[in-house]
There are 2 protein chains.
Amino acid sequence: MSLIVAALGGNAIIKEGQQGTFAQQFRNTFECMGYIAHLIKAGHQVVLTHGNGPQVGFIMIQVEAAVGKVPTAPLHVDVAQSQGSMGYMIAQSLTNQLQVHGIDTSVAAVMTQVLVNRDDPAMKHPTKPVGAFYTRERVVELERSGHAVVEDSGRGWRRVVPSPRPIRIIEVDIIKDLVQAGTIVIACGGGGIPVAEDNGALKGVDAVIDKDLASSLLAAEIKADVIVFLTTVERVALNYNTPQQVELERLSLDEARKYLSEGQFPPGSMGPKIEAAVEFVENGGDRAVVCRPESVVEALEGRAGTMIE
Amino acid sequence: MSLIVAALGGNAIIKEGQQGTFAQQFRNTFECMGYIAHLIKAGHQVVLTHGNGPQVGFIMIQVEAAVGKVPTAPLHVDVAQSQGSMGYMIAQSLTNQLQVHGIDTSVAAVMTQVLVNRDDPAMKHPTKPVGAFYTRERVVELERSGHAVVEDSGRGWRRVVPSPRPIRIIEVDIIKDLVQAGTIVIACGGGGIPVAEDNGALKGVDAVIDKDLASSLLAAEIKADVIVFLTTVERVALNYNTPQQVELERLSLDEARKYLSEGQFPPGSMGPKIEAAVEFVENGGDRAVVCRPESVVEALEGRAGTMIE
């Protein structure tokens, strides 16, 4: 039996081409939790993390649509909202799958704050586009109130926010206690709610944290054996989407670092996964796995996916 | 040392006359958590619950403002969002107050589902107005899609939703484990996310649960010694807001039941608190207390507030 941190990609919850209605999200999550139930049935202990890209985007668009009608939430509150609703959806779906599989284990979604550093260089260079596309007038207002805005791929103007590195999981001891008690924990949703320390006090920060890096930090802090990145591709590939594409069954740390530095893995998709995998193994983790949700049990046995060790 | 469930009223977070900006909400919550820190310093173990009236209303207005732009969330997801963001805000504020007071205790906000019965008569009679005021055209659309809408006190049309009785706290064992480990738990936010069982599977329900009744159920299930309702009045009163007003220091169960049946306590405010207090004491609880947040330590010693036992 090993302790596994499984990081769910956004596509596990909203599939390619879907609008992302809540019926779809609940259906996809239930399906994906079936694979997690197999993991648990196979004797593994699991901590789940997940992305929140489209969901926090929806919330930001809703917030924007009601400016002037109700108080406008800051981004860290939007992240908390998405963490709450997705934690609920995942916990409910997994509980239902465990019931189907006759497994009597409790599931807890814990609100998670993740410490970042205000002096992180990323805080001064917002790069991650989030939320709504804005009108020209609103862009002026946003810039006046200190928000950074960019033109995003010819589609319109969007806010960009910083994506600083995660330093510490505030609720890590609670997560450890629950794991100890045999509970399946859902934590660090959306990479966690970014907070900084001001004179020892926690304070929300308008940023987003990469969920793969936060998951890797969590996995190291709770001394997980394995971290699994669940994604849409079966294996990590070199020369991805070219005639020279090569799928990899195994990657050593040195190879992973080399390919990362060569820019083999695109930022915002496979890049942060490989980076997070390298960090986890460097920090004493046994191995990292990248695979599709449906092959997670096989991948842990080395019969599917890509293993980094 | 006793185990106390403290139920925060909405006014602890958005004060009378305030707009409810997030700066105000964080400031008020921090202030209120100072009183909770005193409780903890006095040696009590605390589980916090809280309302979400204005906050879920804001979210519903935002959802409504972005209909057609992004997928529309059902009410149980709105409740989960408010539970997430308020759990975060309360956990962060309490953590900061504990740090100020030199108390080294962890704080966890746990997403909480609360079981209701689809056959509850309340499910057929939606009574609780929530969220936005609608235009006449949108009312027709809402009614067509099965939502109940009423004219609310001459201010416009609003959705009304059912408020069924809470039956069981789904995450109760997790809350008990955390309390056992010495953690301060924030649970049942907004009365909990209402779910029903369909063939053994949990499914979200478009309803809201009274937070006082959910808190009383939680307090009974975790065998708390005391439940405290933190509100804006110093004491429960008879003939409230009349020249004959009498403040009560103590109420026996029999008196409480009698005054309830006489309609002394208005629904939606003191009524559910007294009803929940009576249920808690009937279910084996030691006593229930109603008081202002700032006098909670004194009220537990019988020197402030109203005690029901």
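K.L.:
Any details on the overall build of chain A? Residues and values, ideally.
P.N.:
Each helix and strand counted, chain A has ten helices and 17 strands in total. In summary, chain A has a C-alpha radius of gyration of 19 Å against a globular reference of 19 Å for 309 residues, a match within 12%. On the principal axes, the C-alpha backbone points of chain A span a range of 55 × 45 × 45 Å. The 309 residues of chain A split such that 60% are buried. Contacts in chain A between residues far apart in sequence, at least 24 positions, make up 73% of those at least 6 positions apart. Summing over all exposed atoms, chain A offers an accessible surface of approximately 12,400 Å²; the carbon and sulfur share of this is 48%.

K.L.:
How would you sum up the pairing of strand S10 (residues 193-198) of chain B? Please name residues and give values.
P.N.:
Residue and element names in this part refer to chain B. As paired elements, strand S4 (residues 113-115) and S10 share three bridges and run parallel to each other. The residue of S10 that forms the bridge with Gln 113 is Ile 193. Two strands pair when backbone bridges link them, and S10 and strand S11 (residues 201-204) are joined in this way by four bridges, in the antiparallel orientation. In the strand pairing of S11, Asp 198 is matched with Ala 201. Joining the antiparallel neighbours S10 and S11 is a turn of two residues, in which Asn 199 adopts a positive phi near 50 degrees.

K.L.:
Can you explain the relation of the copies chain A and chain B? Please cite residues and give values.
P.N.:
Superposing chain A onto chain B takes a rotation of 180 degrees plus a shift of 0.0 Å along the axis, which leaves an RMSD of 0.0 Å. Read as a symmetry element, the transformation amounts to a two-fold axis. When the interface residues of chain A are mapped onto chain B, 100% of them again fall at the interface, so both copies present the same face.

K.L.:
Explain the sheet that holds strand S10 (residues 193-198) of chain A residue by residue, including any values.
P.N.:
Spatially, four strands are ordered S8-S4-S10-S11 (chain A) in an open sheet, and the strand pairing comes out mixed. Of all strands in the sheet, those bounded by a partner on one side alone are strand S8 (168-169) and strand S11 (201-204) of chain A.

K.L.:
Tell me about the pattern of salt bridges, and please be specific about residues and values.
P.N.:
Residue and element names in this part refer to chain A. Applying the stated rule across the entire model yields 32 salt bridges over all chains. A salt bridge links Arg 165 to Glu 279, with the shortest nitrogen-to-oxygen separation between them at 2.2 Å. Within this pair, whereas Arg 165 is found in the loop between strand S7 (157-161) and S8, its partner Glu 279 is found in helix H9 (residues 270-282), the two being separated by 114 residues in sequence. For Arg 165, a relative accessible area of 35% gives the class partly exposed. Several salt bridges converge on common partners, so that one network encompasses Glu 64, Arg 138 and Glu 141.

Scoring rules and cut-offs
Residues numbered from 1 in each chain as written. Chains lettered and ligands numbered in written order. Predicted model: local features only at pLDDT ≥ 70, side-chain atom pairs only at ≥ 80, totals over all residues. Heavy atoms only, no water. Helix = DSSP H or I, 4+ residues; strand = E, 2+ residues; numbered from the N terminus. Rg over C-alpha atoms; globule rule 2.2 N^0.38 Å. Buried < 20%, exposed > 50% of the residue type's maximum accessible area, 1.4 Å probe, protein only. Contact = heavy atoms within 4.5 Å. Areas by Shrake-Rupley, 256 points an atom, 1.4 Å probe, with all protein chains shown as cover. Pairing = 2+ DSSP bridges. Least-squares fit on C-alpha atoms with pLDDT ≥ 70 in both. Salt bridge = Lys/Arg side-chain N within 4 Å of Asp/Glu carboxyl O.

That's the geometry; what it means functionally is another story.
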